[in-house]
Amino acid sequence: MIHLHNLRRIDPQHPTSAAQVNGVTDDIWLDQGRIVAAPDSPQNCESIDLGGKTVMAGAIDIHSHIAGGKMNLGKQLMTADRHLQKFGKRGRLRSGNGFATPVASTTAYRYLAMGYTMAFEPAMVGVNSRGCHREMGDIPLLDRGAYIMLGNDDFLLRLLQTKAEQGRINDYVGWMIARTRAMGVKIVNPGGISAFKFNKRNLGLDTPCPHYDSVTPRQIVYSLCRAVYELGLSFPLHLHCNDLGIPGNVATTLATIKAAEGYPLHLTHLQFHSYGAEGKRQFSSAAEQIAEAVNSNPNVTVDVGQIAFGHTVTASGDTMIQYINSAHADPKRFVCMDIECDGGCGVVPFRYRDQNFVNALQWAIGLELFLLIKDPWRIFLTTDHPNGAPFTVYPNLIRLLMEPDYRRQCLSQIHPAAQKATVLGSLDRAYSLEEIAILTRAGPARILGLEDHGSLKIGAVADIVVYEERPNLEDYFALPQMVFRRGLLVARNGEIINDRILPDGVTHWIEPDYDRSIEKEVKAFFDRYMAIDYMNYGLNGERLYGKPIDFIRHSPKRRIA
């Protein structure tokens, strides 16, 4: 048992008294990987006096590309990234490499060093799900999960084309989630990946899909929003809208919010969908319009996909936009590929530059969204790792949100025309520690339905981060004094402890209820059209070969429309 005492607790899900929130000291007891009530007579207890330091739950990243085929391709394209960032074996720690495209061990150690204990892969393709789980299972320490990519898969499009009842669509979605052991559902450019296979280079929200001419992206969004809701998933449909990165896509984003017709909807990497087409460069910020729409629609949640200046790689299922972006590849190499009847993939190395007008304004747009969207429970801190930037920039991003003067200093250093094209300099909002805890812990846990994470309540998993004063807020969040993982001290002052065997993470998934008769229809489709055998698709209820992976199954709450 461990007793942490003389600490300042920051727990937005379960705040203590107002006095304690404002600095009166508190105690936390840890036993067998959980936070427990204070014992009557503690025995064999290690007591740690924290001297009034701030304590939060372990942080959660709801959108980070940490596994799967795209990241494997990214590693192959980013050879310099791998060769310049090498780490030898240190005690019990594994060797590794990579910055924008870190290998499994490096991913885990960097997340843990910052106080993150959980991350979710947002774009698992069904046909690659077995490999994706195998790769996530190789990430030590971190809990994880994945969202299954739908919305461009031929079976779903055929259901929509033939006017199948919503219940049958729900059954198929439920089967896909269970078969691939997913935690949620993701759409990438609804209908657009399929359209690219028929040589179409753009697809509006109300444009009929090639080959499926009675289906539009609007119908895809609505049907999957409703399916996710009626299946009882906690996490709403995770949507990468049409027209990502296109000047003027604000109109598409606003129309997409309406397309959900009030069903819960999560808009991911919103920064890339918040562009106007004003000015002589025909590129402008539409963050104010988007923020107003989010503030006015309580069914909508978002993550930002903030960019940071530097070299990275963009990895997406959106072959349509990645084909366009290939002209900007740095270095000049890219991969675009179709994936059977499931989706597609595009990987393009990229460098964001602060003296490039478009890149500079993208940076400002992301911060505008953070500062203009009012409810911190409905916005989440992401960079769409590695698309906007590697996740290791989070401490700097948090400092930008908390310090208006530092934000203005950084603003003054970007492209002069971009400075004039943003309202960022006039925004005085400064996030509090409590709001940062909501963005990075309490909010993600709530939206994912993880009741025993993101909190310091009794019974919660003992993922705990201790912060001490540092020269600036970036160091404060980059170098927590202590990180406990399931009650075990695993990092100190930004360094992973290497003299012991550290615990593996677990993979979270949700098992919805659905009519099993859908499996007969899916099998017939596989027998006719798919190159992979039906029995080999997904996990099929069996344990993966090799090192065992611990899965935690969550149960949904079924809803009726």
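Residues numbered from 1 in each chain as written. Predicted model: local features only at pLDDT ≥ 70, side-chain atom pairs only at ≥ 80, totals over all residues. Heavy atoms only, no water.

Engineer: I would appreciate a short explanation of the sheet that holds strand β16 (residues 310–316) in the present structure.
Structural biologist: The strands making up a sheet associate through hydrogen bonds between their backbones, and the pairing can be parallel or antiparallel. Overall, antiparallel pairing links the three strands, which are arranged β16-β18-β17 in an open sheet. At either end of the open sheet lies a strand with only one pairing partner, and these are β16 and β17 (335–339). Neighbour to neighbour, the strand axes of the sheet diverge by 15° on average, direction disregarded. Here seven bridges tie β16 to strand β18 (residues 343–352), and the two strands are oriented antiparallel to one another. By the bridge assignment for β18, Ala315 is matched with Val347. Along the sheet, helix α2 (residues 69–77) makes contact with β16, β17 and β18, crossing β18 at roughly 40°. (Pairing = 2+ DSSP bridges. Helix = DSSP H or I, 4+ residues; strand = E, 2+ residues; numbered from the N terminus. Axes fitted to C-alpha atoms, helices over the stretch in contact; angles between N-to-C directions. Contact = heavy atoms within 4.5 Å.)

Engineer: I would appreciate a short explanation of the sheet that holds strand β3 (residues 34–36) in the present structure.
Structural biologist: With mixed pairing, eight strands are arranged side by side in an open sheet as β3-β2-β1-β4-β20-β21-β22-β23. Each edge of the open sheet carries a strand with a single partner, namely β3 and β23 (495–496). Where strand β21 (residues 482–485) and strand β22 (residues 488–492) come together, four bridges link them in antiparallel fashion. Across the sheet, the residue bridging to Arg485 is Leu488, located in β22. Across the sheet, helix α17 (residues 433–448) touches β1 (2–9), β4 (46–57) and β20 (464–467), and the angle it forms with β4 is around 85°.

Engineer: How do you make sense of the packing of helix α7 (residues 166–180) against helix α9 (residues 217–230) when you look at a structure like this?
Structural biologist: A pair of packed helices is characterised by two quantities: the angle between their axes and the separation of those axes. Two numbers describe how α7 lies on α9: the axes approach to 9 Å, and their chain directions differ by 70°. In terms of orientation, α7 and α9 fall into the roughly perpendicular class. Residues Gln166, Ile169, Asn170 and Val173 of α7 lie in contact with α9, whose contacting residues are Ser223, Leu224, Arg226, Ala227 and Glu230. Grouping the constituent residues of the contact of α7 with α9 by class yields four nonpolar, three polar and two charged. (Parallel < 35°, antiparallel > 145°, perpendicular 65-115°, else oblique. Nonpolar A, V, L, I, M, F, W, Y, C, P; charged D, E, K, R; others polar.)

Engineer: Could you clarify how one ought to interpret α7 in this entry?
Structural biologist: Along an α-helix, residues three or four positions apart point the same way, because every turn accommodates 3.6 residues. For α7, built from 15 residues, the straight-helix expectation of 21 Å at 1.5 Å per residue is met to within 8% by its first-to-last C-alpha distance of 21 Å. Taken across its 15 residues, α7 has 14 buried, putting it largely inside the fold. (Expected span 1.5 Å × (residues − 1). Buried < 20%, exposed > 50% of the residue type's maximum accessible area, 1.4 Å probe, protein only.)

Engineer: Quick question: what am I supposed to make of the pairing of strand β8 (residues 116–124) here?
Structural biologist: Burial runs high along β8: nine of the nine residues are buried. Pairing between strand β5 (residues 59–61) and β8: three bridges, direction parallel. Bridging across to β8, Ala59 finds its partner in Tyr116.

Engineer: Any chance you could explain helix α4 (residues 104–113) here in plain terms?
Structural biologist: Counted residue by residue, α4 has 10 buried out of 10 residues, so it is predominantly covered. Burial in α4 covers these residues: Ala104, Ser105, Thr106, Thr107, Ala108, Tyr109, Arg110, Tyr111, Leu112 and Ala113. Gly115, located one to two residues past α4, shows a positive phi value of around 95°.

Engineer: Where do I start with the packing of aromatic side chains in this structure?
Structural biologist: The way to describe two aromatic rings as a pair is by their centre distance and the angle between their planes. All told, the structure shown has 25 aromatic pairs when counted by the stated rule. Summarising the aromatic geometry, the rings of Phe120 and Tyr147 are spaced 6.1 Å apart at their centres and angled 10° between planes, so their arrangement reads as stacked. With a gap of 27 residues between them, Phe120 in strand β8 and Tyr147 in strand β9 (residues 143–150) connect regions that are remote in the sequence. With respect to class, Phe120 is no different from Tyr147; both count as buried. Positioned above the aromatic ring of Phe551, the side-chain terminus of Arg181 is 4.5 Å from the ring centre. (Phe/Tyr/Trp six-rings, centres within 6.5 Å; stacked < 30°, edge-to-face > 60°. Lys NZ or Arg CZ within 6 Å of the ring centre and 35° of its normal.)

Engineer: Is there a simple way to think about the layout of surface pockets in this case?
Structural biologist: Leftover empty space is mapped by rolling, across the atoms, a probe with the size of a water molecule. What the largest pocket holds in volume is close to 720 Å³. What lines the largest pocket is a set of 35 residues, among which Gly245, Asn325, His328, Phe350 and Gln362 lie closest to the centre. Looking at the lining of the largest pocket, the elements that each hand over two or more residues are β10 (184–188), β16, α12 (319–325), β18 and α13 (357–372). When its residues are assigned to classes, the lining of the largest pocket shows 15 nonpolar, 15 polar and five charged. Taken as a whole, the second largest pocket spans an internal volume of roughly 400 Å³. What lines the second largest pocket is a set of 22 residues, among which Tyr109, Arg110, Ala113, Thr392 and Gly494 lie closest to the centre. Tallying contributions element by element places α4 first for the lining of the second largest pocket, with five residues. Across the lining of the second largest pocket, the residue classes break down as nine nonpolar, eight polar and five charged. (1 Å grid on protein atoms, 1.4 Å probe; cavity = no way out; pocket = protein on both sides within 12 Å on 5 of 7 lines; lining within 4 Å. Points joined across faces, edges and corners; volume = space filled by probe spheres on them.)

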